Amino acid sequence: MAVLEVETFTLTPGVDSVAFRALDEQMQEWCYVNRPGIARRTTGRNDDGSYVVITLFGEASQADAAYYKSSDSVVSEWSVAVNESSRTHAVYSLL
């Protein structure tokens, strides 16, 4: 059954939204190549500066929260921009 992976976070102090958008565009490409089962990934920003990444997968086992620990340079740069203490991760089954 398809699932939504929902991640929320704020940026690390000193990282601006323009720089993060460029990092996230690279991350999006990386995800489509390296995260099996991905059907769609989108990122949004709230007026309070918080972010959400919603990713649609074919099944729950494909929504692996550890992906952001990859040593790949794209993932490392993106992860450094994310304030880890603010990061949340949840997986929801589609109805």
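Scoring rules and cut-offs
The numbers attached to residues start from 1 for each chain and follow its sequence in the written order. The model is predicted, so local features are restricted to residues of pLDDT at least 70 and side-chain atom pairs to those at 80 or more, both for listing and for counting; the totals for chains, interfaces and linings are taken over all residues. Side-chain figures throughout are based on the complete set of non-hydrogen atoms in the structure, without hydrogens or water. Helix and strand definitions follow DSSP, with helices as H or I runs of at least four residues and strands as E runs of at least two, each counted in order from the N terminus. Contacts between residues were defined by any pair of non-hydrogen atoms, one from each residue, lying within 4.5 Å. Definition of a polar contact: a pair of N or O atoms within 3.5 Å, with one able to donate and the other able to accept a hydrogen when the atoms are protein atoms, and with sequence-neighbouring residues admitted only if both atoms are side-chain atoms. A 1.4 Å probe rolled over the protein chains alone gives each residue an accessible area, and that area as a share of the maximum for its type sets the label: buried under 20%, exposed over 50%, partly exposed in between. What makes two strands pair is DSSP finding at least two bridges between them. The arc under discussion is defined with respect to the helix axis, by the directions toward the C-beta atoms. For helices, the axis comes from a line fit to the C-alpha atoms of the stretch in contact; other axes are also lines fit to C-alpha atoms, and the angle between any two N-to-C directions lies between 0 and 180 degrees. Put simply, two rings from Phe, Tyr or Trp (the six-membered ring, in Trp's case) pair if the centres are within 6.5 Å, and we call them stacked under 30 degrees between planes, edge-to-face over 60, tilted for the rest. Here, the term nonpolar core denotes a set of buried Ala, Val, Leu, Ile, Met, Phe, Trp, Tyr and Cys residues that are joined through side-chain atoms within 4.5 Å.

### Looking at the environment of Ser 70
Here comes step 1: Mapped onto the fold, Ser 70 is located in the loop between β3 (51-57) and α2 (73-81).
Here comes step 2: As for Ser 70 and Met 27, which are separated by 43 residues in sequence, their C-alpha atoms are 12 Å apart.
Here comes step 3: In this structure Ser 70 touches Trp 30, Val 75 and Ser 76, once residues within four positions along its chain are discounted.
Here comes step 4: There is a polar contact of 3.1 Å between the side chain of Ser 70 and the backbone nitrogen of Asp 72.

### Some thoughts on the pairing of strand β1 (residues 3-9)
Here comes step 1: Of all the seven residues making up β1, five are buried; the element is thus mostly covered by neighbouring parts of the structure.
Here comes step 2: One ladder, built from seven bridges, connects β1 with β3; its direction is antiparallel. Within β3, the residue paired with Glu 5 across the bridge is Thr 55.

### Details of α2
Here comes step 1: Along α2, the residues that are buried comprise Val 74, Val 75, Trp 78, Ser 79 and Ala 81. One face of α2 carries all of its buried residues, which in axial projection span an arc of 155°.
Here comes step 2: On its buried face, α2 is in contact with β1, α1 (17-34), β2 (38-45) and β3.
Here comes step 3: The opening residue of α2, the one whose side-chain oxygen lies 2.9 Å from the backbone nitrogen of Val 74, is Asp 72.

### Examining the sheet that holds β3
Here comes step 1: Taken in spatial order, the four strands make up an open sheet running β2-β3-β1-β4, and their pairing is antiparallel. Where the open sheet ends on each side, the last strands, each with one partner, are β2 and β4 (88-93). For this sheet, the mean inter-axis angle between neighbouring strands, taken without regard to orientation, is 15°.
Here comes step 2: Strand contacts of α1: β1, β2 and β3, with the helix running at about 170° to β2, the strand carrying the most contacts.

### Points about the packing of aromatic side chains
Here comes step 1: Taken as a whole and judged by the stated rule, the model has six aromatic pairs.
Here comes step 2: A centroid spacing of 5.8 Å and a plane angle of 70° characterise the contact between Phe 9 and Phe 20, whose relative ring orientation is edge-to-face. Remark: Phe 20 occurs in helix α1 and Phe 9 occurs in strand β1; sequence separation between them is eleven residues. Like Phe 20, Phe 9 is buried.

### Topic: the nonpolar core
Here comes step 1: Membership of the largest hydrophobic core comes to 20 residues, with the highest contact counts inside it found for Phe 9, Phe 20, Met 27, Trp 30, Tyr 67 and Trp 78.
Here comes step 2: Among the elements of the structure, β1, α1, β3 and α2 are those that each provide at least two residues to this core.
Here comes step 3: Per-element tally for this core: the top contributor is α1, with five residues.
Here comes step 4: Setting aside chain neighbours within four positions, we find Trp 78 in contact with Phe 9, Phe 20, Leu 23, Asp 24, Met 27, Arg 41, Val 53, Tyr 67 and Tyr 68.

These figures come from the coordinates and say nothing about function on their own.
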